[in-house]
Amino acid sequence: MKKVIILGAHGKIAQIVTRQLLTEDIKQTLFLRNSARLRLEDPEKESIVEGTATSLFDLEQAMTDVDIVYANLAGKIVEEAQNVVAAMKAKNVKRLIWISTLGIYDEVPGKYGEWNHEQLDGGYLESYAEAAKVIEASGLDYTIIRPAWLDDKDEIDYELTNKDETFKGTEVSRTSVADLVTKIILDPKEYIGTSLGVNKPNTDGDKPAWYR
Ligand SMILES: NC(=O)c1ccc[n+]([C@@H]2O[C@H](COP(=O)([O-])OP(=O)(O)OC[C@H]3O[C@@H](n4cnc5c(N)ncnc54)[C@H](OP(=O)(O)O)[C@@H]3O)[C@@H](O)[C@H]2O)c1
């Protein structure tokens, strides 16, 4: 059975992915801080490892017998990217799915691009851009995912843009991003070496429709 480790497994997108994978022939290692927050639905297919992605030691310990790393992290994202890459190399794991954000290449056009900078500059966007560079320079079989602004709608409705394309739309559901991640875990030869923008079609505008 293929084995995936989910880093930041208490994250909102990560928890949707975990649920989606439960019906598949996949073993999941759920790596998170403060593990008492998670309850296993199917101990045959899931196990929990408590740790922090700011610790190379924790990551290396957790990455035993793993085929795919799905990183759904936040916080000290550059340090985490460096540690994830180092741990994967040490444990000879090649396939990485890395959740990033829109705007890291200045690929978001027009007024929405300006608004996105206003909201995210000052540390967040810069560090996510830096972390993506670490992943892209890693030599690993990575897929970087750049979601639009996220909402919790129960819908799967998305389209993709490549790194060299202008970002489309303003918003997307976490369930949609989870669907993409799940599809890549099930078919990991897809989207190797790509950085994918993810948005809900026909949501162009100056900001997400739900944002006041
Ligand atoms: N909000 C948006 O509109 C938007 C748009 C595009 C991209 N994004 C990015 O998309 C990513 C995933 O989104 P999401 O909604 O799933 O985020 P989320 O619920 O905030 O999940 C991020 C997870 O990262 C974990 N984490 C942070 N530092 C860690 C560490 N050192 N070790 C282990 N885990 C750590 C957090 O763990 P704890 O639970 O322990 O804190 C949290 O569970 C985030 O990076 C977010 O910034 C967000």
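The rules behind the values
Residues numbered from 1 in each chain as written. Predicted model: local features only at pLDDT ≥ 70, side-chain atom pairs only at ≥ 80, totals over all residues. Heavy atoms only, no water. Buried < 20%, exposed > 50% of the residue type's maximum accessible area, 1.4 Å probe, protein only. Helix = DSSP H or I, 4+ residues; strand = E, 2+ residues; numbered from the N terminus. Pairing = 2+ DSSP bridges. Right-handed = clockwise from strand over helix to strand, strands pointing away. Near = heavy atom within 4 Å. Polar contact = N/O pair within 3.5 Å; in protein donor to acceptor, adjacent residues only side chain to side chain. Areas by Shrake-Rupley, 256 points an atom, 1.4 Å probe, with all protein chains shown as cover. UniProt positions renumbered as here; feature names shortened; annotations may be inferred. Axes fitted to C-alpha atoms, helices over the stretch in contact; angles between N-to-C directions. Phe/Tyr/Trp six-rings, centres within 6.5 Å; stacked < 30°, edge-to-face > 60°. Contact = heavy atoms within 4.5 Å. Parallel < 35°, antiparallel > 145°, perpendicular 65-115°, else oblique. Left-handed = near helix turned anticlockwise from the far one by under 90°. Core = buried A, V, L, I, M, F, W, Y, C linked by side-chain atoms within 4.5 Å.

A. Expanded view of the pairing of strand S2 (residues 26-32). With six of seven residues buried, S2 lies mostly within the body of the structure. Two strands pair when backbone bridges link them, and strand S1 (residues 2-7) and S2 are joined in this way by six bridges, in the parallel orientation. Considered in S2, the bridge of Ile6 is made with Leu30. Taken together, S1, helix H1 (residues 12-21) and S2 form a β-α-β motif whose crossover is right-handed. The pairing of S2 with strand S3 (residues 46-50) spans five bridges and is classified as parallel.

B. Structural context of the site of the ligand. In the region of the ligand, 24 residues are neighbours, and Leu73, Tyr124, Tyr128, Leu150 and Arg174 sit closest. At 2.9 Å from an oxygen atom of the ligand is found a side-chain nitrogen or oxygen belonging to Arg33. Leu73 places a polar main-chain atom, nitrogen or oxygen, 2.6 Å from an oxygen atom of the ligand. In isolation the ligand has 920 Å² of accessible area, and contact with the protein removes 82% of it. Where the shell around the ligand is concerned, the elements lending two or more residues are H1, helix H5 (124-136) and strand S7 (149-151).

C. Region of the structure containing the UniProt feature "domain: NAD(P)-binding" (unreviewed entry) in the protein. Under the present numbering, the feature "domain: NAD(P)-binding" (unreviewed entry) in UniProt falls on residues 8-188. The span residues 8-188 carries 38% helix and 20% strand; its end-to-end C-alpha distance comes to 20 Å.

D. Highlighting the sheet that holds strand S10 (residues 194-199). A sheet is described by the order of its strands in space; here eight strands give the open sequence S3-S2-S1-S4-S5-S6-S10-S8, paired in mixed fashion. The open sheet has two edge strands, S3 and strand S8 (159-161), and neither has a second partner. For this sheet, the mean angle separating the axes of adjacent strands, direction not counted, is 20 degrees.

E. Molecular detail of the packing of aromatic side chains. All told, the structure shown has seven aromatic pairs when counted by the stated rule. Ring centres of Tyr112 and Trp115 lie 5.9 Å apart, and the angle between their planes is 20 degrees; on these two criteria the pair is classed as stacked. Of this pair, Tyr112 and Trp115 both sit in helix H4 (residues 110-120), separated by three residues, roughly a single helical turn. By relative accessible area, Tyr112 is classed as buried at 4%. Consider the rings of Trp115 and Trp149, whose centres lie 4.7 Å apart with planes at 45 degrees: the pair is tilted.

F. Seen up close, the environment of Val181. For Val181, the position within the fold is in helix H6 (residues 174-186). Through-space distance from the C-alpha of Val181 to that of Trp98 is 9.4 Å; in sequence the pair is 83 residues apart. Apart from residues lying up to four places away in sequence, Val181 is in contact with Val17, Tyr70, Ile97, Ile99 and Ile145.

G. Structural context of the packing of helix H3 (residues 77-90) against H5. Where H3 meets H5, the axes come as close as 8 Å, and the angle between the chain directions of the two elements is 15 degrees. Looking at the two axes, H3 sits roughly parallel to H5. At the point where H3 passes H5, the crossing takes the right-handed sense. For the pair formed by H3 and H5, the contact residues are Ile77, Val78, Ala81, Gln82 and Val85 on the first element and Ser127, Tyr128, Glu130, Ala131, Val134 and Ile135 on the second.

H. Examining the nonpolar core more closely. Of all hydrophobic cores here, the largest spans 64 residues; its most connected members are Leu7, Val69, Tyr70, Leu96, Trp98 and Ile185. If sequence neighbours within four positions are ignored, Tyr70 has contacts with Val4, Ile5, Ile6, Leu7, Ile13, Ala14, Val17, Ile97, Ile99, Val181 and Ile185.

I. Structural context of H1. Among the ten residues of H1, seven are classified as buried, and the element is accordingly described as predominantly covered. Taken as a whole, H1 has its buried residues at Ile13, Ala14, Ile16, Val17, Thr18, Gln20 and Leu21. Contact partners of the buried residues in H1: S1, S2, S3, strand S4 (68-71), S7 and H6.

J. Broad picture of unusual backbone geometry. With phi around 60 degrees, Asp106 is a residue other than glycine that occupies positive phi space. Structurally, Asp106 is set in the loop between strand S5 (95-99) and H4. The phi dihedral of Tyr191 is positive, around 60 degrees, even though this residue is not glycine. Within the element layout of this structure, Tyr191 appears in the loop between H6 and S10.

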